[in-house]
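# Summary of structural features
These are the residues of each chain, in order.
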Amino acid sequence: MCGIVGYVGKRSCLPIILEGLRRLEYRGYDSAGITILEDGRLETRKKAGKVADLENIWKSTGGSATIGMGHTRWATHGEPNDRNAHPHHDCSGSIAVVHNGVIENYRALKIKLEKSGHLFSSETDTEVIAHLIEEFYEKTTDLAQAVRLTLRQLDGTYGIVVMSARDPEKLVAARKGSPLVVGYGEGESIVASDASALVEHTRDVTYLLDGQLAVVERATVTVKNLEDVEVEKAVEHITFDLEQIEKSGYEHFMLKEIHEQPETIRNAMRGRLLAADGEVKLGGLQDVMEKLVAAKRIILVGCGTSWHAGLVGEYMLEQIAKVPAEVEYASEFRYRNPLVSKDDVVFLISQSGETADTLAALREAKGKGATVLGIVNVVGSTIARESDGGVYVHAGPEIGVASTKAFTSQLTVLALISLMLARAKGMAKRDIVALAKELDAVPGKVKKILEDAKVVADIAREFKDARHFLYLGRGANFPVALEGALKLKEISYIHAEGYPAAEMKHGPIALIDEHMPVVFVAPKDAIYEKVISNLQEVKARRGRIIAVANDDDMEIQAMAEFVLRVPRTYGFFGPILNVIPLQLLSYYIAVARGTNVDQPRNLAKSVTVE
Ligand code: F6R
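Everything numeric here is computed off the predicted structure, so don't read it as measured data. The residue numbers shown here count from 1 along each chain, following its written sequence. Where local features are concerned, this predicted model is filtered to residues with pLDDT of at least 70; where side-chain atom pairs are given and counted, the filter is 80 or more; whole-chain, interface and lining totals use all residues. Water and hydrogen atoms play no part in the side-chain values, which are based on all heavy atoms of the structure.

### Topic: the packing of aromatic side chains
Aromatic contacts are taken between Phe, Tyr and Trp rings whose centres are within 6.5 Å, Trp giving its six-membered ring; a plane angle under 30 degrees counts as stacked, one over 60 as edge-to-face, and the others as tilted. Using the criterion set out here, one finds 8 aromatic pairs in the structure. With a centroid separation of 3.8 Å and 15 degrees between ring planes, the pair formed by Trp307 and Tyr329 is classed as stacked. In this pair, Trp307 is assigned in helix 9 (residues 304–319) and Tyr329 in strand 18 (residues 325–329), connecting sequence segments 22 residues apart. Only protein chains enter the calculation, and the probe is 1.4 Å; a residue is then buried if its accessible area is under 20% of its type maximum, exposed if over 50%, and partly exposed in between. In this structure Trp307 comes out as buried when scored by relative accessible area, which is 13%. Between Tyr570 and Phe573, the aromatic rings sit 4.9 Å apart at their centres with planes inclined by 75 degrees, giving edge-to-face as the arrangement. We classify Tyr570 as partly exposed; its relative accessible area is 23%. When its relative accessible area of 0% is taken as the criterion, Phe573 is described as buried. Among the aromatic residues, those joined into a ring-pair cluster are Tyr315, Tyr570, Phe572 and Phe573. A ring is considered to have a charge above it if a Lys NZ or an Arg CZ atom is located within 6 Å of its centre and within 35 degrees of its normal. Cation over ring: Arg601 sits above Tyr493, and NZ or CZ is 3.9 Å from the ring centre. Secondary structure is summarised from DSSP: a helix means a run of H or I of at least four residues, a strand means a run of E of at least two, and numbering begins at the N terminus for each.

### A word on the side chain of His89
Of note, His89 is situated in strand 5 (residues 88–89). Exposure remark for His89: the relative accessible area of 19% places this residue in the buried category. Polar contacts involving the side chain of His89 include one to the main-chain carbonyl oxygen of Ile95, which spans 3.3 Å. In this view, His89 contacts Thr35, Leu42, Thr44, Ile95, Ala96, Glu127, Ala130 and His131; residues no more than four positions away in its chain are not counted. Here a polar contact is taken to be a pair of N or O atoms separated by no more than 3.5 Å, where protein atoms must pair a possible hydrogen donor with a possible acceptor and residues adjacent in sequence count only if both atoms sit in side chains. Contacts are assigned to residue pairs that have any heavy atoms within 4.5 Å of one another.

### Details of the site of the ligand
By convention in these notes, a residue is near a molecule or strand provided one of its non-hydrogen atoms lies within 4 Å of it. As a structural note, the neighbourhood of the ligand is formed by 14 residues, with Ser306, Ser350, Gln351, Ser352 and Thr355 the closest of them. At 2.7 Å from an oxygen atom of the ligand is found a main-chain nitrogen or oxygen belonging to Gln351. Take Ser352: an N or O atom from its side chain is 2.7 Å from an oxygen atom of the ligand. Alone, the ligand offers 410 Å² of accessible surface; in the complex the protein occludes 90% of this. Exposure was quantified through the Shrake-Rupley algorithm and a 1.4 Å probe, taking into account, for residues, occlusion by the shown protein chains and nothing else.

### Remarks on the sheet that holds strand 24 (residues 517–521)
The pairing criterion is simple: DSSP has to find at least two bridges between the two strands. Spatial ordering of the open sheet is given by 23-22-24-25-26, a layout of 5 strands whose pairing is parallel. In this open sheet, the two strands that pair with only one neighbour each are strand 23 (495–500) and strand 26 (562–566). With strand direction ignored, the average angle separating the axes of adjacent strands in the sheet is 20 degrees. To obtain an axis, a line is fitted to C-alpha atoms, over the contacting stretch when the element is a helix, and the angle between two such axes runs from 0 to 180 degrees between their N-to-C directions.

### A closer look at the sheet that holds strand 12 (residues 212–217)
Spatially, 5-6-7-8-12-13 is the arrangement adopted by the 6 strands of the open sheet, whose pairing is antiparallel. The open sheet is flanked by strand 5 and strand 13 (221–225), the only strands paired with a single partner. Running over the sheet, helix 4 (residues 127–140) touches strand 5, strand 6 (95–100), strand 7 (158–164) and strand 8 (167–176) and is turned about 140 degrees from strand 6. Those strands touched by helix 5 (residues 143–151) are strand 7, strand 8, strand 12 and strand 13, and its axis lies near 145 degrees from that of strand 7.

### Comments concerning helix 4
Take the number of residues in a helix, subtract one, and multiply by 1.5 Å to get its expected span. An ideal rise of 1.5 Å per residue puts 20 Å on 14 residues; helix 4 measures up with 20 Å between its terminal C-alpha atoms. Most of helix 4 is tucked away: 10 of the 14 residues are buried. Of the surrounding secondary structure, the elements contacted by the buried residues of helix 4 are strand 5, strand 6, helix 3 (106–115), helix 5, strand 7 and strand 8.

### Re unusual backbone geometry
Negative phi is the rule for most residues except glycine; trans is the rule for most peptide bonds. For the bond from His86 to Pro87, the omega torsion is 0 degrees, close enough to zero to count as cis. Residue placement: Pro87 occurs in the loop between strand 4 (67–73) and strand 5. Located in the positive-phi region is Asp39, a residue other than glycine, with phi close to 50 degrees. As for its position among the elements, Asp39 is in the loop between strand 2 (31–38) and strand 3 (41–48). By relative accessible area, which is 74% here, Asp39 ends up exposed. Backbone geometry places His394, a non-glycine residue, at a positive phi of 55 degrees. Turning to its location among the elements, His394 is positioned in the loop between strand 21 (389–392) and helix 13 (405–424). Under the relative-accessibility criterion, His394 is labelled partly exposed at 36%.

Interpretation in functional terms is not warranted from these geometric data alone.
And the structure:
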């Protein structure tokens with residue numbers, strides 16, 4: 001959840017590190033810091049606040065340094081202030097460490113180190129790493145060996161980069177549970193927690209695996225395991241463009257990503273959906289197809305927005321493919337000793353592919369013999385690698401902290417899986433072709449919704465001062481209500497709740513008065529009339545109704561104060577369309593309130609701690 005970037009080469013490292021940190025800032029942004037090696041000494045400057053604040057304190061200095069590293073933080077231990085910002089140092093100031101993750105046994109280690117005379121200057125768990133390396137470096141005089149011995153003392157998770165003034169030409173990087181990628185340039189090497197920080201300089205990279213340690217030098221990168229045995233590096237080529245991680249003229253990444261959805265949804269289907277033949281080809285599931293078809297049940301696991309995608313997926317799998325499905329919060333699943341066996345198939349849904357709880361759920365299910373499959377966006381991420389198979393959603397880099405395009409791509413992939421299973425389980429070809437054609441038409445319909453974004457912006461201004469919001473939907477649109485509420489909470493800080501519309505009268509109805517905005521997701525599907533009854537109940541209590549309704553639904557006009565229009569589609573694909581106006585609504589409300597849309601307070605893009 002924090003960001004790391006380190007550089008060693010021929011060029012001035014500072015601008016490269018600062019630019020890398022800017023690209024990583026979406027991962028954590030409460031403080032930032034940089035260490036460089038200049039005139040044989042480590043020079044560190046760090047600061048609470050944004051990377052822009054850090055840039056100010058480095059102005060016109062450090063230009064000659066060609067090795068250094070930086071960090072942007074999302075606080076876990078110790079408040080976000082200058083002192084707790086990374087990099088952290090040993091007592092002598094000649095060793096510096098940046099760290100993503102959590103060291104669980106840091107208190108015990110700190111007490112021990114303090115007893116032997118080490119002086120600490122922060123409240124972080126990370127600082128123990130620097131002091132431990134100092135201890136071992138005295139004995140071994142080999143930085144990599146000192147890091148290796150240190151790592152053996154640590155419980156918890158880490159992605160670390162270490163540098164030392166006494167070993168001035170190398171960075172030592174190691175990972176356990178927190179991603180790190182090393183990029184190979186011409187006479188230079190870059191290490192980062194996320195490929196977006198280095199893609200500007202090189203596209204040839206190695207993703208470190210858990211338990212690996214890399215010695216990163218200008219011209220060489222050596223990867224070893226913790227037993228000091230060299231391991232073969234898999235060199236991969238990054239295919240996404242720099243353009244994809246830039247704003248392309250949009251005011252915010254979130255808005256850009258909302259508008260990319262016609263394309264990203266299409267990408268999720270590209271080469272996989274042959275609509276006219278009713279065929280779905282998902283290469284990553286081919287080897288497990290027998291298991292999938294025979295599965296007694298499918299369990300969908302994720303967190304946050306990805307969990308909401310799972311809730312919609314449950315409807316798709318049960319109603320289209322007729323397979324019993326269950327949905328679990330990853331954070332609950334891992335701790336309740338779930339009854340999972342080798343007859344189960346577990347799908348882990350994750351944009352980042354690094355969410356700690358989802359990864360732990362994967363390992364829990366795998367340990368119990370289940371087949372584990374990923375529905376993941378970030379290529380090469382840990383969940384993707386540890387799964388028995390899976391499907392990439394191909395949404396491209398998602399930078400806005402609030403997930404938008406990854407969600408609709410996850411839903412598209414779940415729809416594809418459902419169609420593929422339905423076919424394998426004998427659904428008539430005619431019926432599959434009809435559904436496949438509906439799915440194929442979804443990107444065009446999303447485009448049409450986005451053409452009316454301005455209408456949503458006008459409505460948003462009307463509600464910018466609301467203190468609470470209720471989102472209601474039924475069936476597969478109940479998760480859409482949850483997702484709409486989550487988006488609003490995350491970026492505008494307005495309290496919002498999602499509820500199944502019929503549940504409203506069992507409690508939340510008490511909240512309705514003339515000040516309460518209530519968003520109904522009300523497409524013309526099999527339960528439309530039921531939703532309309534719930535809408536009438538709100539209207540009778542003078543709630544302010546915003547309805548997401550189909551283009552041809554004229555009836556609703558008279559009941560709702562505002563109507564957000566979406567085209568019709570097949571019911572279980574409806575959530576892909578219905579969520580779009582809700583993404584826009586939360587975006588424009590946040591803009592009207594002047595919040596930081598792409599970097600909302602307290603949040604991080606990828607939650608790699610428990
Ligand atoms: C919501 C959001 C989070 C993530 C959740 C899971 O906008 O971004 O709720 O959906 O943290 O993250 P991934 O999908 O990366 O596992």
